[in-house]
Amino acid sequence: AQNQAMQSAVGERQEQGLENLLKEAHASLDRGDVRSGREISQRILKEAEASGHRHFEARALLCLAHCDRMLSRYRRAHRASQRAAQLFQVLGDTSGEVMALTTHAFVSINLGRNEEAVEAALLSVRLSQFLEKDEHSVLSYNALGVAYFWSHSFEKAEQALRTAIQ
């Protein structure tokens, strides 16, 4: 029982450390220091993979995808956002999955994969309806509007963007 309590305490300290690193990565992004945010996210990913913290793995992948998108590393961002969405789905984290799908939609647009972008954004919109925070719906409808625009479905794009505004 004592050994189990020690393992639990170590696990909690490790999770708190990963959480702090994630906050640091996001703070770097907020400051515009994308490279630092990416390095920290990479470190979180390695630690999370090694220790089996799947939720931190998904969150690190999402942060990496965001960083790579900002650095115009779209193929890397595409892979990371796809892996993050899949992991969030497995974990049952709808909020995380919506954010990963939204990022994936934008990255797919940048790669000229408009059909994939529309699919990711549509799924993001559907999933966001199960969440209480409006910001998820706004981001999802915005991604959908942009994806439709690049797919030359201008009426659908306008409709999605108007929904995002509302």
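Note that the structure is a prediction, hence the values are computed from the model and not measured. (Residues numbered from 1 in each chain as written. Predicted model: local features only at pLDDT ≥ 70, side-chain atom pairs only at ≥ 80, totals over all residues. Heavy atoms only, no water.)

**A few points about the packing of aromatic side chains**
Here is step 1: Tallied over the entire structure, the rule returns two aromatic pairs.
Here is step 2: Relative to Trp150, the ring of Phe149 lies with its centre 5.6 Å away and its plane at 90°, an arrangement referred to as edge-to-face.
Here is step 3: Phe149 gets classed as partly exposed once you look at its relative accessible area, which sits at 41%.
Here is step 4: Measuring from centroid to centroid gives 5.5 Å for Phe149 and Phe154, while their planes differ by 65°, and the two rings are edge-to-face.
Here is step 5: Phe154 sits in the partly exposed class, given a relative accessible area of 45%.
Here is step 6: Taken together, Phe149, Trp150 and Phe154 form an aromatic cluster joined through their ring pairs. (Phe/Tyr/Trp six-rings, centres within 6.5 Å; stacked < 30°, edge-to-face > 60°. Buried < 20%, exposed > 50% of the residue type's maximum accessible area, 1.4 Å probe, protein only.)

**Details of helix H7 (residues 134-150)**
Here is step 1: Here H7 contains 17 residues, and its C-alpha end-to-end distance of 25 Å stays within 8% of the 24 Å for a straight helix at 1.5 Å per residue.
Here is step 2: Residues of H7 that are buried: His136, Ser140, Tyr141, Ala143, Leu144, Gly145, Ala147 and Tyr148.
Here is step 3: In this structure, the buried residues of H7 make contact with helix H5 (94-110), helix H6 (114-128) and helix H8 (154-165).
Here is step 4: Directly beyond the C-terminal end of H7, a positive phi value near 65° is found at His152. (Helix = DSSP H or I, 4+ residues; strand = E, 2+ residues; numbered from the N terminus. Expected span 1.5 Å × (residues − 1). Contact = heavy atoms within 4.5 Å.)

**Section: the confidence of the model for the chain**
Here is step 1: Of the residues in the chain, 94% reach a pLDDT of 70 or more, and the chain-wide mean stands at 94.
Here is step 2: Taking the mean pLDDT of every element in the chain, the minimum, 84, falls on helix H1 (residues 2-31) and the maximum, 98, on helix H4 (residues 74-91). (pLDDT = per-residue confidence, 0-100.)

**Focus on a nonpolar patch on the surface**
Here is step 1: A cluster of nonpolar side chains, Phe149, Trp150 and Phe154, forms an exposed patch at the surface whose accessible area comes to about 340 Å².
Here is step 2: Secondary-structure assignment places Trp150 in helix H7. (Patch = residues over 30% accessible without salt bridge, like charges linked within 9 Å, V, L, I, M, F, W, Y side chains within 5 Å. Areas by Shrake-Rupley, 256 points an atom, 1.4 Å probe, with all protein chains shown as cover. Salt bridge = Lys/Arg side-chain N within 4 Å of Asp/Glu carboxyl O.)

**Re the pattern of salt bridges**
Here is step 1: With the rule as written, the count across this model stands at six salt bridges.
Here is step 2: Note that Arg83 is salt-bridged to Glu49, the shortest N-O span being 3.3 Å. Here Glu49 lies in helix H2 (residues 34-51) and Arg83 lies in helix H4, a separation of 34 residues in the sequence.
Here is step 3: Arg76 serves as the salt-bridge partner of Asp68, at 3.0 Å between the closest nitrogen and oxygen.
Here is step 4: The exposure class assigned to Asp68 is buried, which follows from its relative accessible area of 2%.
Here is step 5: Salt bridges sharing partners connect three or more residues here, namely Arg38, Asp68 and Arg76.

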